[in-house]
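# Fold and geometry: a report
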Amino acid sequence: MRILIIIPAYNEAENISSVISEVYSMYPSTDLLVVDDGSSDATAALAESAGAKVLRLPFNLGYGAAVQTGMIYAVESGYDVCVLLDGDGQMDPRSISALIDQVAHYRVDLALGSRFLGTTDYTIPFGRRIGTLLFSKLTSFFTRQQVTDPTSGFQAINRRLMKFFARDNYPADYPDADTLIKLYFAGFTMREVPVTIRPRLRGKSMHNSVSSLYYIYKMLFSIFIALTQRRMLADGGHHATRNQDTDRQCQLPGADDDREPRASQTAR
Amino acid sequence: MTIVSLVHHKRLDEQYAFLWLAAGVIMLLAPLATPLLDQLSKALGFHYPPAFVLLLAFLGLCLINLQSSVVISRLNKHNKQLAQRLAIIDQRLREMERQKS
């Protein structure tokens, strides 16, 4: 099984090297891909010298779009599973194997790392806690299962779901409750896994710049949209493909075939 | 005139000029239809006919604005896809060059 660890990073020069070396020290044989989301600092260069593959986005597209870029790459390069890990070092790489385990052995499409099920030694700001609680209740209600931490960016995703996300089904900013509800409607399965989240090593959190009121509005609106798309999603998640231009992207030769990209890689 | 000139200098696509041209033509022709507009606004229950005309103008501008937003969203998406594709191709190229050297 080929596993790719995707680390979206925006101006994480302070943390990226230590995150990469920590991951490599625990999982020396897995591939690591850093998606540099148009950083203005040396994130990409540092990641490269630390031994990771690096995708450099020409300008800042947003967290979700960066992750999606990584998933498009993973699908086209023939990876079976990808793990999303933030570049700030808050997520303990030790939890990666538990996430992969769910996807690899229990046939779950998405393993979602929850900081509430796991151990955490940092306190979540009050405002965000309220928001998280609201969306966790909403997600739990619509997906008919307990979801404690829908905001989690610590995930393992299998190939089938990566393809779904590589199409148009991934928001450019922050994938959250709406994305989970969407994938549930489209017939994918998910399970929460306890993970360890640590205090931030250095630098500012990416969430500080997001106005939380706007965020709540955006999330409620996109959950509403997901509800209106329910039937289309249930028909195979092809609602995005009515736009031919978006579909072209994932119909590149080999993108839909598991073997071909691997063959072409070895040929190179 | 401004619209035609913008299209002429290729700073505005014919496609997007349509609504603006339509708005211009309506504005030009509206005074000729004053009696008709008066009657129509009375029939619809407007006590003050110019209010009806302003409402129509407002709705027209809203329509043009909405079209712009739709176009921006589409361009935004295409822009994102191009950037993503560029990043992937860039990585592959680097990898190939590294393997060569």
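Residues numbered from 1 in each chain as written. Chains lettered and ligands numbered in written order. Predicted model: local features only at pLDDT ≥ 70, side-chain atom pairs only at ≥ 80, totals over all residues. Heavy atoms only, no water.

## Focus: the overall build of chain A
Quick reminder of the rule: Under the scheme used here, helices are H or I runs from DSSP no shorter than 4 residues and strands are E runs no shorter than 2 residues, and both carry numbers assigned from the N terminus. Buried means the residue's accessible area, taken with a 1.4 Å probe over protein chains only, is under 20% of the maximum for its type, while exposed means over 50%, and partly exposed covers the values in between. A contact between two residues is defined here by any heavy atoms of the two lying within 4.5 Å. Calculation of accessible area relied on Shrake-Rupley with a 1.4 Å probe; when residues are assessed, cover is drawn exclusively from the protein chains displayed.
Helix and strand counts for chain A come out as eleven helices and seven strands. Expressed as a percentage of the 268 residues in chain A, the buried residues total 54%. For chain A, restricting intrachain contacts to residue pairs at least 6 apart in sequence, the fraction spanning at least 24 positions comes to 79%. Accessible surface, chain A: about 12,000 Å² in total, of which carbon and sulfur atoms supply 54%.

## Quick notes on the overall build of chain B
Put simply, the rule is: Only C-alpha atoms enter the radius of gyration; for comparison, a globular chain is expected to reach 2.2 Å times N to the power 0.38, where N is the number of residues. Note that His is not counted, nor are the chain ends; the positive residues are Lys and Arg, and the negative ones are Asp and Glu. Each charge is placed at NZ for Lys, CZ for Arg, CG for Asp and CD for Glu.
Of the regular secondary structure elements, chain B holds four helices and zero strands. When the helices and strands of chain B are listed from N to C terminus, the series reads α-α-α-α. Against the globule reference of 13 Å for 101 residues, chain B gives a C-alpha radius of gyration of 24 Å, more extended than a compact globule. Reported as C-alpha extents along the three principal axes, the dimensions of chain B are approximately 80 × 30 × 10 Å. Across the 101 residues that make up chain B, the buried fraction comes to 19%. When the accessible surface of chain B is totalled, it reaches about 7,900 Å², and 71% of it is carbon and sulfur. Considering chain B, the positive charge centre built from 11 side chains and the negative charge centre built from 6 side chains are found 4 Å apart.

## With respect to the pattern of salt bridges
Worth spelling out the cut-off: In the sections that follow, a salt bridge refers to a side-chain nitrogen of Lys or Arg positioned within 4 Å of a carboxyl oxygen of Asp or Glu.
One pass over the full model with this rule turns up 15 salt bridges over all chains. Put simply, Arg94 of chain A and Asp92 of chain A hold a salt bridge, and the shortest N to O gap is 3.3 Å.

## Some remarks on the confidence of the model for chain A
Parts of the model with low pLDDT should not have their predicted coordinates read in detail. What counts, and what does not: Note: pLDDT gives the predictor's confidence per residue, expressed from 0 to 100.
Mean pLDDT over chain A works out to 82, with 79% of the residues at or above the 70 mark. Counting interchain partners and residues more than four positions distant, the pLDDT-below-50 stretch residues 238–268 of chain A has 52 contacts.

## With respect to helix H3 (residues 34–43) of chain B
The buried count for H3 of chain B comes to one of ten residues, which makes it a mostly uncovered element. Positive backbone phi, approximately 95 degrees, marks Gly45 of chain B, located one or two places after H3 of chain B.

## Some details on the sheet that holds strand E4 (residues 81–84) of chain A
Two pairing modes exist for strands in a sheet, parallel and antiparallel, and in both the strands are linked by backbone hydrogen bonds. Residue and element names in this part refer to chain A. Here is the rule we go by: Any two strands with at least two DSSP bridges between them are considered paired. Structural elements are reduced to axes, namely lines fitted to C-alpha atoms, with helices fitted over the stretch in contact, and the angle between N-to-C directions of any two is expressed from 0 to 180 degrees.
Strand order in the open sheet formed by seven strands is E3-E2-E1-E4-E6-E5-E7, with mixed pairing between adjacent strands. The two strands at the open ends of the sheet, each matched to only one other strand, are strand E3 (53–56) and strand E7 (190–194). Adjacent strand axes in the sheet meet at a mean angle of 20 degrees when their direction is disregarded. One ladder, built from five bridges, connects strand E5 (residues 110–114) with E7; its direction is parallel. The partner of Leu110 across the bridge, within E7, is Met190. Helix H6 (residues 159–166) rests against E4, E5 and strand E6 (155–158) of the sheet, and its axis sits at about 95 degrees to E6.

## Quick word on the interface of chain B and chain A
The line we're drawing: Once two parts are put together, the accessible area they lose, assessed with a 1.4 Å probe and summed over both, is termed the buried area. In protein, a polar contact means a hydrogen-donor-capable atom and an acceptor-capable atom, both N or O and within 3.5 Å, with residues adjacent in sequence counting only if both atoms are side-chain atoms; elsewhere, any N or O pair within 3.5 Å suffices. Residues are sorted three ways: Asp, Glu, Lys and Arg are charged, Ala, Val, Leu, Ile, Met, Phe, Trp, Tyr, Cys and Pro are nonpolar, and all the rest, Gly among them, are polar.
Opposite the 19 residues of chain B that make contact, chain A presents 25 residues. Summing both sides of the interface, chain B and chain A together bury roughly 1,900 Å²; the carbon and sulfur share of this comes to 49%. At the boundary of chain B and chain A, one finds five salt bridges. A salt bridge links Asp168 of chain A to Lys77 of chain B; the nearest nitrogen and oxygen atoms lie 3.6 Å apart. Joining chain B to chain A, the criterion identifies seven residue pairs in polar contact (both at pLDDT 80 or more). Grouping the amino acids of the side of chain B that touches chain A by side-chain chemistry returns five nonpolar, six polar and eight charged.

## Comments concerning unusual backbone geometry
Residues and elements named next belong to chain A. Phi is positive for Asn11, close to 50 degrees, though the residue is something other than glycine. Counting through the fold element by element, Asn11 comes out in the loop between strand E1 (3–9) and helix H1 (16–26). For Asn11, a relative accessible area of 29% gives the class partly exposed. Non-glycine residue Arg144 carries a positive phi angle of around 55 degrees. Here Arg144 shows up in the loop between helix H5 (126–143) and E6.

## Side note on the packing of aromatic side chains
Residue and element names in this part refer to chain A. Threshold: Here is the rule: rings of Phe, Tyr and Trp (six-membered ring for Trp) pair when centre to centre is within 6.5 Å. Planes less than 30 degrees apart are stacked, more than 60 are edge-to-face, and the remainder are tilted. Here, a charge over a ring means that NZ of Lys or CZ of Arg falls within 6 Å of the ring centre while also lying within 35 degrees of the ring normal.
Summed over the entire model, instances satisfying the criterion amount to eight aromatic pairs over all chains. When the centroid spacing of 6.0 Å and the interplanar angle of 55 degrees are considered together, the rings of Tyr184 and Phe185 count as tilted. Here Tyr217 and Phe221 contribute two aromatic rings whose centre-to-centre distance is 6.1 Å and whose plane-to-plane angle is 15 degrees, an arrangement assigned as stacked. In this pair, Tyr217 and Phe221 are both assigned in helix H8 (residues 212–228), four residues apart and thus about one turn of the helix distant. Note on Tyr217: relative accessible area 47%, which makes it partly exposed. Among the residues examined, Phe221 registers a relative accessible area of 43% and is labelled partly exposed. Three or more aromatic residues joined by ring pairs form one cluster here, namely Phe164, Phe165, Tyr170 and Phe188. Between Arg2 and the ring centre of Tyr79, over which it is positioned, the NZ or CZ distance is 4.3 Å.

## Here we look at the pairing of E1 of chain A
All names here are of chain A. Test applied: Whether a crossover is right-handed comes down to one check: with the strands pointing away from the viewer, does the path from the first strand over the helix to the second run clockwise; if it does, it is right-handed.
Of all seven residues in E1, seven are buried, a share of seventy percent or more. Going residue by residue along E1, you find Ile3, Ile5, Ile7 and Ala9 tucked away on one face and Leu4, Ile6 and Pro8 tucked away on the opposite face as well. Chirality of the crossover, the property in question, places the unit of E1, H1 and strand E2 (residues 31–36) among those that are right-handed.

## Looking at the nonpolar core
Soluble globular proteins: nonpolar side chains tend toward being buried together. Residue and element names in this part refer to chain A. To keep things clear, this is the line we draw: Nonpolar cores are built from buried Ala, Val, Leu, Ile, Met, Phe, Trp, Tyr and Cys residues. Side-chain atoms within 4.5 Å join them into one set.
In this structure, Met71 and Ile157 are the most contacted members of the largest nonpolar core, which totals 48 residues. With nine residues, helix H3 (residues 63–76) is the single largest residue contributor to this core. Setting aside residues no more than four positions away along its own chain, Ile157 makes contact with Met71, Asp80, Val81, Cys82, Leu84, Val103, Asp109, Leu110, Met162 and Phe165.

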